[in-house]
Amino acid sequence: MVVKPKIRGFICTTSHPEGCAKAVEEQIDFVKAQGPIANGPKKVLVIGSSTGFGLSTRITATFGCGADTLGVFFEKAADKKRTASAGWYQSVAFEKAAKEAGCYAKSFNGDAFTNEMKEQVIETIKSDMGKVDLVIYSLAAPRRQHPVSGEVFKSTLRPIGQTVVQKTIDTATGVISETSVEAASEKEIADTIAVMGGEDWKMWMDALKDADVLTDGATTVAYSYIGPKVTQEIYRTGTIGQAKVDLENTAAVIEKDLAALNGKAYISVNKALVTQASSAIPVMPLYINILYKVMKKYDLHEECKEQIFRLFKDRLCTEDGIVPVDDAGRIRIDDWELREDVQEEVGGMFNEITTENHDEIGDLKAYNEAFLRLFGFGYEGVDYDADVEVDRQFA
Ligand code: NAI
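Residues numbered from 1 in each chain as written. Predicted model: local features only at pLDDT ≥ 70, side-chain atom pairs only at ≥ 80, totals over all residues. Heavy atoms only, no water.

(A) Spatial organisation of the overall build of the chain. Looking only at helices and strands, one finds 13 helices and 13 strands in the chain. Scaling as 2.2 N^0.38, a compact globule of 395 residues should have a C-alpha radius of gyration of about 21 Å, and the chain matches this with 20 Å. When the backbone C-alpha atoms are referred to their principal axes, the chain occupies close to 60 × 50 × 45 Å. Taking all 395 residues of the chain together, 55% fall into the buried category. For the chain, contacts bridging at least 24 residues in sequence account for 77% of all contacts bridging at least 6. Put simply, the chain shows about 17,200 Å² of open surface, and 50% of that area lies on carbon and sulfur atoms. (Helix = DSSP H or I, 4+ residues; strand = E, 2+ residues; numbered from the N terminus. Rg over C-alpha atoms; globule rule 2.2 N^0.38 Å. Buried < 20%, exposed > 50% of the residue type's maximum accessible area, 1.4 Å probe, protein only. Contact = heavy atoms within 4.5 Å. Areas by Shrake-Rupley, 256 points an atom, 1.4 Å probe, with all protein chains shown as cover.)

Here it is in structure tokens:
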């Protein structure tokens, strides 16, 4: 099949197997070029490991720390008419490279919210790894079926309290307009917390602890976002922000549960990046488009691989074992995004940007390139006119 991008709204429905493999290779090369990370974890479980921050975490653990990894994700294999999803191809490519490098790597494709997935993972840890010393929680999901009640929750991206008029960009045309996003109902707030809050993270950690598959001193980290004023009403004070607050509060609960093991539970607040999850959030593409431009200007630009490398090297695996955190106990790798000079400039540009001047002020071309790269398009050395085998399987 000759695979070309097919964009529908904020999703690309095709992905390129060679391009996705190249994406993984680039990340591996980046991590290797930084040199090994001392004091790193050795047996790592990444929940949400196929794309975005989770994939970079798995790559950093393996190629920076020499760790064995288990990855959990929800992706689609190819069928006769359709390519697989990008996360599928990336995970196939990752596993192959990890094994070639002599590291154990096993992947589970399915719903991380179920008890069955937790049981399968635990059985595999017992049989293949013994125990894990790091558990990363990097899920970004639109829905969750509760494993006990069976109730299905859907997450929404809405403000709380009042309708918000939000500046937004149509990334296909560059048209900038204002859309009105209605305030969430109480049920929508509760449902979003049920999907993206801390309950499932705690369920994972409870299951792992009860099965005795966590090492003494095991660490777990979940990823969160805070962001600046311009995204606040939709993000941090909106439904998703409430879920993140719930996730953040769960860290303390988990750490208490892990006390007998001297375990640690952290939140890492990461920076805004183009990922499949962030493209779906109304204000994010416009904000990120400007943020990238400013951070590049200050030579502070980072993608998932740079962010996660910094998380491991300068936060989780420090020489003295001390993990630097903010007043609320959170790891901050959004520090450069939220730097005062960066935000002052981004805020001004965000107010000024219009359909007419967006080419000068923002950088939609760079945003769209980053978006396409998520699906394996735009990599040098890949022949996008060639017929490729889209059925790629785990070895
Ligand atoms: P992503 O969309 O690239 O990755 C999400 C991962 O979750 C994928 O591996 C996907 O397969 C997996 N997943 C989704 N539903 C699943 C299910 N039911 N069962 C098993 N796996 C499932 O997202 P991204 O952006 O890397 O987000 C990861 C975390 O980082 C999220 O908590 C997000 O809020 C957080 N974050 C994202 C930021 C951004 O700008 N993209 C900024 C700061 C934090």
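This is not the end of the story, as more comes after the structure.
(B) Fine view of the sheet that holds strand β6 (residues 132-137). The sheet built from 7 strands is open, its strands ordered β5-β4-β3-β6-β11-β12-β13 with parallel pairing. The sheet is open, and its two edges are formed by β5 (105-109) and β13 (331-332), each paired on a single side. Sheet analysis places β6 next to strand β11 (residues 214-224), joined by 5 bridges and oriented parallel. Bridge pairing in β11 places Val 132 opposite Leu 214. Contacting β3 (43-47), β4 (68-73), β5 and β6, helix α4 (residues 115-129) runs over the sheet at an angle of about 165° to β4. Along the sheet face, helix α6 (residues 199-210) touches β3, β4, β6, β11 and β12 (264-269) and points at about 170° away from the line of β11. (Pairing = 2+ DSSP bridges. Axes fitted to C-alpha atoms, helices over the stretch in contact; angles between N-to-C directions.)

(C) Region of the structure containing helix α9 (residues 284-297). In a regular helix each residue adds 1.5 Å, so 14 residues correspond to 20 Å; α9 covers 20 Å between its end C-alpha atoms and thus fits that length. Most of α9 is tucked away, with 11 of its 14 residues classed as buried. Taken residue by residue, α9 has Met 284, Pro 285, Leu 286, Tyr 287, Ile 288, Asn 289, Ile 290, Leu 291, Tyr 292, Val 294 and Met 295 as its buried positions. The secondary structure elements touched by the buried residues of α9 are β9 (164-169), β10 (176-181), α7 (229-232), α11 (340-352) and α13 (364-373). Looking one or two residues beyond α9, the residue adopting positive phi is Asp 299, at roughly 60°. (Expected span 1.5 Å × (residues − 1).)

(D) Quick peek at the nonpolar core. Within the largest apolar cluster, 124 residues are counted, with the highest numbers of intra-cluster contacts made by Leu 45, Trp 201, Trp 204, Leu 208 and Phe 312. Considering every element that reaches this core, the biggest residue donor is α9, with 9 residues. Among all residues touching Trp 201, those that are not within four sequence positions of it are Tyr 137, Thr 220, Val 221, Ala 222, Leu 247, Thr 250, Ala 251, Ile 254, Ala 265, Tyr 266 and Ile 267. (Core = buried A, V, L, I, M, F, W, Y, C linked by side-chain atoms within 4.5 Å.)

(E) Just the side chain of Asn 270, in detail. Tracing the sequence through the fold places Asn 270 in the loop between β12 and α9. Residue classification places Asn 270 among the buried residues on the basis of a relative accessible area of 2%. A distance of 2.7 Å separates a polar atom in the side chain of Asn 270 from a polar atom in the side chain of Ser 268. Ignoring anything within four residues of it in the chain, the contact list for Asn 270 reads Phe 53, Tyr 223, Ser 224, Tyr 225, Gln 307, Ile 308, Ile 333, Asp 334 and Glu 337. (Polar contact = N/O pair within 3.5 Å; in protein donor to acceptor, adjacent residues only side chain to side chain.)

(F) View of helix α3 (residues 86-100). Over its 15 residues, α3 runs 21 Å from end to end, which matches the ideal 21 Å to within 8%, given 1.5 Å per residue. Every buried residue belonging to α3 is among Ala 86, Gly 87, Trp 88, Tyr 89, Gln 90, Ser 91, Val 92, Ala 93, Phe 94, Glu 95, Ala 97 and Ala 98, and all of these are buried. Looking at the buried side of α3, the elements it contacts are α1 (17-34), α2 (52-65), β4 and β5. Positive phi shows up at Gly 102, right after α3, with a value of about 85°.

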